[in-house]
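# Descriptive structure summary
So you can see what is in the structure, the chains are spelled out below.
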Amino acid sequence: MVARATRVLVIDGVGATFAGAVAATVDVLRKGAVAAVPTETVYGLAGRGLHEDSVRAIYAAKGRPNDNPLILHVGDPEAAWPLFALDDVAMARARTLAAKFWPGPLTLVGDASDVVPAAPRAGLPRVAVRVPAHPFARALARALGEPFAAPSANVSGRPSPTTARDVLLTLDGRIELVVDGGPCRAGIESTVVDVSGPRPRLLRPGALSLLEIRHELPDLDVRAPGLAAHADDASPGLRHRHYAPAVGGTALVDDAALDEAWGDVDTGMVVRAATARRYGARAGFCAVLPDDAAGFARELYAALYRAETAHPRRLLLQAPPPSADPDDAWAAVRDRLLRASA
Ligand code: AMP
Ligand code: MG
């Protein structure tokens, strides 16, 4: 942990500031410290992924429970395979998904090779790996020449940050460096798929839609992602309280509850644009998000941080449109809203 204010490096495009920020981040990581970096999903808190001390520094800066494993980020699929010890079936699935979706917001989980120490796996037999699509994150992994581990760059339990400013809200003074690459394109974490076992299995819905994955792996087991489905040990991170804004109380509600509270100035709301249009202007805090699932996901976490600074007595989150389809485009948003309000 560092006592002084966190250094901020702003990058624009892939010019000189970009190259300088990659080099500066490599320096920070090589000495065992951690840095917040932009990815296409959310800002990540990066440290050397195969070094126990660096991994411990990540957990310490976040106050993250140490039974919650980290995702390893590599620059290219070729750098991912040595981290795994997969049987032929699992390897075929992994290669199919990698060919289609890497670089991108998909994390693959499978048995770890002995290259991977216990720390980033939180002692589990399996490891989680992805190739990020963000040019900075990818350049960092390549320049470092080894995987970096990166959970979201926030104090544990709070929403994931999608801007450098939101990183600083919880980690200023606790980390040495944040690289500001502007707002994240997806704004929600990666989709996590376990490729081992009799059937490939969804561990966490995320930025990559289930429809797209199912197109490649028709037997994908999604078993109603959400709180209840993850009581087992397959995806330990899902056990913990997560994504909660620091406001009095947060509830996931239907339109009837929104309607009733619309006139109450002490109630904050996060709603879809069509709803805001239907009910008209309101006096209390109101984050108006896009009507489509991807747009809503992109802006959700920033809205939760904005809500904090408005200090509503309580915060109502509009439930996604109801759907019986397990591959529903709202799966990831529904999961995060449930856990933000649990
Ligand atoms: P975060 O870094 O906060 O986005 O969380 C990463 C999530 O990926 C964890 O909370 C787990 O749900 C999942 N994950 C990471 N590593 C593993 C692993 N070795 N086995 C199973 N799930 C994992
Ligand atoms: Mg997180």
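Before going into details, it helps to say that this report is about the structure given with it. (Residues numbered from 1 in each chain as written. Chains lettered and ligands numbered in written order. Predicted model: local features only at pLDDT ≥ 70, side-chain atom pairs only at ≥ 80, totals over all residues. Heavy atoms only, no water.)

## Here's the deal with the packing of aromatic side chains
To keep it simple, the criterion reads: For Phe, Tyr and Trp, where Trp contributes only its six-membered ring, two rings pair if their centres lie within 6.5 Å, and the inter-plane angle classes them as stacked under 30 degrees, edge-to-face over 60, or tilted in between. Numbering of helices and strands starts at the N terminus; helices are DSSP runs of H or I of at least 4 residues and strands are runs of E of at least 2. We call a residue buried when its accessible area falls under 20% of the maximum for its residue type, exposed when it is over 50%, and partly exposed in between, using a 1.4 Å probe and counting protein chains only.
For the structure on display, the rule yields six aromatic pairs. Pairing Phe18 with Phe136 gives two aromatic rings, centres 5.7 Å apart and planes at 80°, and the pair type is edge-to-face. Note that Phe18 is positioned in helix H1 (residues 16-30) and Phe136 in helix H6 (residues 135-144), a separation of 118 residues in sequence. By relative accessible area, which is 10% here, Phe18 ends up buried.

## Remarks on H6
Note the threshold: Contacts are assigned to residue pairs that have any heavy atoms within 4.5 Å of one another.
Taking burial as the measure, the 10 residues of H6 include seven buried ones, the bulk of the element. Of the positions making up H6, those classed as buried are Phe136, Ala137, Arg138, Ala139, Leu140, Ala141 and Leu144. In this structure, the buried residues of H6 make contact with H1, strand S2 (35-37), strand S3 (44-48), strand S4 (71-73), strand S7 (148-149) and strand S8 (177-180).

## What about the nonpolar core?
Condition: Joining through side-chain atoms within 4.5 Å is the link that ties buried Ala, Val, Leu, Ile, Met, Phe, Trp, Tyr and Cys residues into a set, and such a set is a nonpolar core.
Membership of the largest hydrophobic core comes to 49 residues, with the highest contact counts inside it found for Leu45, Leu97, Trp102, Leu106 and Val129. Put simply, the parts of the chain that give this core at least two residues each are helix H2 (52-62), helix H4 (88-101), strand S5 (106-111), strand S6 (126-130), helix H7 (164-171) and helix H8 (210-216).

## Some points on H7
One turn of an α-helix holds 3.6 residues; hence residues three or four places apart share an orientation. The cut-off we apply is this: Arc definition: directions from the helix axis to the C-beta atoms.
All buried positions along H7 are accounted for by Ala164, Asp166, Val167, Thr170 and Leu171. In an axial view of H7, the angular spread of the buried residues amounts to 160°, which keeps them on one side of the axis. Check the buried side of H7 and you find it contacts S2, S3, H2, S8 and helix H11 (293-310). Two residues or fewer after H7 comes Gly173, characterised by a positive phi angle close to 85°.

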